[in-house]
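A structural walkthrough
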Amino acid sequence: MMAGQQAIPSGSGDVMDVLHAERDHLIADLGSVLDVESGLREVLLRSDHSKQIARLTDFVDIEVGLAAIVPRRSQEFWTEHALWSITEAEGGLEDPLAVAPAVRMAVRSDFIDHFEALGDMERTSEHLELVASLATSLRQALFNDSRSVDFSAAMETCLRISGEVGALSPRFNNSITNAITETYTSVIELTASCGAASDAFRSLENARRAPHRSAKNSSGMTVRELKKVLAAVHDDACQISDVVLDRAMAGWLASKRYLAEQVNVTRRDIARRLGVREFPALTVAEFRAFVDDFISADLRHADLRGVDMTGVRWSAQTLWPAELDVEELRNCSTESPVGSGIFVVRSGTARIRQFVVV
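Scope of this entry: the structure provided in the associated data block. (Residues numbered from 1 in each chain as written. Predicted model: local features only at pLDDT ≥ 70, side-chain atom pairs only at ≥ 80, totals over all residues. Heavy atoms only, no water.)

A closer look at the overall build of the protein chain
Inclusion rule: Helical segments are the DSSP runs of H or I of at least four residues, strand segments are the runs of E of at least two, and each set is numbered from the N terminus. Remark: exposure states derive from per-residue accessible area (1.4 Å probe, protein chains only) relative to the maximum for the residue type, with buried under 20%, exposed over 50%, and partly exposed in between. Here the accessible surface of atoms and residues is derived via Shrake-Rupley with a 1.4 Å probe, and residues count as covered only by protein chains that are part of the display.
Secondary structure summary: the protein chain contains 12 helices and three strands in total. For the protein chain, the residues scored as buried account for 33% of the 358 residues in total. For the protein chain, the accessible surface area stands at approximately 22,000 Å², while carbon and sulfur atoms represent 55% of it.

Structural notes on the nonpolar core
The line we're drawing: Only buried residues count toward a nonpolar core, which is a set of Ala, Val, Leu, Ile, Met, Phe, Trp, Tyr and Cys residues joined through side-chain atoms within 4.5 Å. The criterion used for residue contact is that any of the two residues' heavy atoms lie within 4.5 Å.
Among the nonpolar cores identified, the biggest contains 55 residues, and V107, L142 and L190 are the most heavily contacted of them. Contributions of two or more residues to this core are made by α7 (101–142), α8 (151–166), α9 (174–209), α10 (223–274) and α11 (284–292). The element contributing the most residues to this core is α10, with 18 residues. With residues up to four places along the chain from it excluded, the contact list for L190 reads L138, L142, C158, A237, I240, S241 and V244. Counting residues in hydrophobic clusters, the runner-up holds 17 residues, among them L304, V307, W320 and F343.

Topic: the pairing of strand β3 (residues 342–345)
Worth spelling out the cut-off: Pairs of strands are assigned from DSSP output, requiring at least two bridges between the strands.
As paired elements, strand β1 (residues 313–315) and β3 share three bridges and run antiparallel to each other. Following the sheet pairing, W314 is matched in β3 by F343. Relative to β3, strand β2 (residues 333–335) runs antiparallel, the two sharing three bridges. Its bridge partner lying in β3, S333 is registered against V345. Turn length for the β2-β3 hairpin, with the two strands adjacent in sequence and antiparallel, is six residues, and the turn residue G339 shows positive phi of about 90°.

Quick word on the side chain of S193
Mapped onto the elements of the fold, S193 is located in helix α9. Not counting chain neighbours up to four residues away, the residues in contact with S193 comprise V233, D236, A237 and I240.

Describing the sheet that holds β1
Selection rule: Here an axis means a line fitted to C-alpha atoms, over the contact stretch when the element is a helix, while the angle between two N-to-C directions is reported on a 0 to 180 degree scale.
With antiparallel pairing, three strands are arranged side by side in an open sheet as β1-β3-β2. The two strands at the open ends of the sheet, each matched to only one other strand, are β1 and β2. Looking at each pair of strands side by side, their axes are set apart by 35° on average, direction ignored.

A few points about the packing of aromatic side chains
Note on aromatic pairs: each is described by the distance of the centres and the angle between the planes. Test applied: Ring geometry is summarised as follows: Phe, Tyr and Trp rings, the Trp one being its six-membered ring, pair when their centres sit within 6.5 Å, and such pairs are stacked at plane angles under 30 degrees, edge-to-face over 60 and tilted between the two. Charge over a ring is defined by NZ of Lys or CZ of Arg lying within 6 Å of the ring centre and within 35 degrees of the ring normal.
If you walk through the whole model with that rule in mind, you get four aromatic pairs. Consider the rings of F115 and F287, whose centres lie 5.6 Å apart with planes at 40°: the pair is tilted. Of the two residues, F115 is situated in helix α7 and F287 in helix α11; the sequence distance between them amounts to 172 residues. For F115, a relative accessible area of 2% puts it in the buried group. Of the residues examined, F287 reaches a relative accessible area of 1% and is grouped as buried. Taking the centre distance of 5.7 Å and the plane angle of 75° together, the rings of W314 and W320 count as edge-to-face. Considered together, W314 and W320 belong to a single accessibility category, that of buried residues. One aromatic cluster is present, built from ring pairs that chain together W314, W320 and F343. Looking at R104, its charged tip hangs above the ring of F294, at a distance of 4.5 Å from the centre. Geometry around F143 places R139 over its ring, the cationic atom sitting 4.2 Å from the centre.

Geometric values such as these leave the question of function open.
Printed below as a string of structure tokens:
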């Protein structure tokens, strides 16, 4: 036994007495090992972190700082690199990918938020189209004779619709948001109605199997009374399904209109930036190709400072600026498909090496 240690008796009660007696000494000894005040400062600093960050805006102009790091391109840049617009004005721009890669990369830098919003809106529209299709099928099923309706399947469809709608978090105009909210509310109501219809149908079937159909069964109702209940809840379900379909269709059509409007806004903004009369009508997928597809492109004169490269497709034949760290870009990319020699940047901005002139 080491010096200074107290022998611990074998009895369990004695052991606890010794441990309690030594507790104060152990706590006192911890003070010489742990810096409690520093620990408290660290905890308090973290708890107050968000407040401190918020206060930074009182002293730091973030917009000015970003502009200093990633300077905006002048109109001279766009004029100088828009020679392709002559062809566009005379004969029409058949292939947007014929635009100089450096220009497309600059458009990507300035309009990346536009393209991300278009992608979100397209996905929302596709979800709402599916919801409208499910609502159409559900309504058709419910408008059959109540004796031929599979209310359990109807409930499953309701739950699927509510799941699809509940997963949406649109950042768009009020008409779409309201339609989505109303669809979700009405489909939850329809789920309950289908559940009631399912219970009534089950009770009716049990009553029909009873020896005396005119007698009241365990539900306290006769077969005739149960038929009336089933007809009533079935009518309710049909009426609510009309509302679900109406709201689902309204949301889908509103999302399609909004998407078309935003595509046109993006086209006008790009045309104005490039100094051309108009920009070709593209689908969202074609817009993404316009700003993502740089396979075998010559980007030696592109300004990549601060450009979000996420999603950019490139190849071994792509020519990059001398200051770009291509190896770092390769490490941030995935070959897709494997063995194709085509890479997709997973995330991040381009790493620019600084050269010192001597």
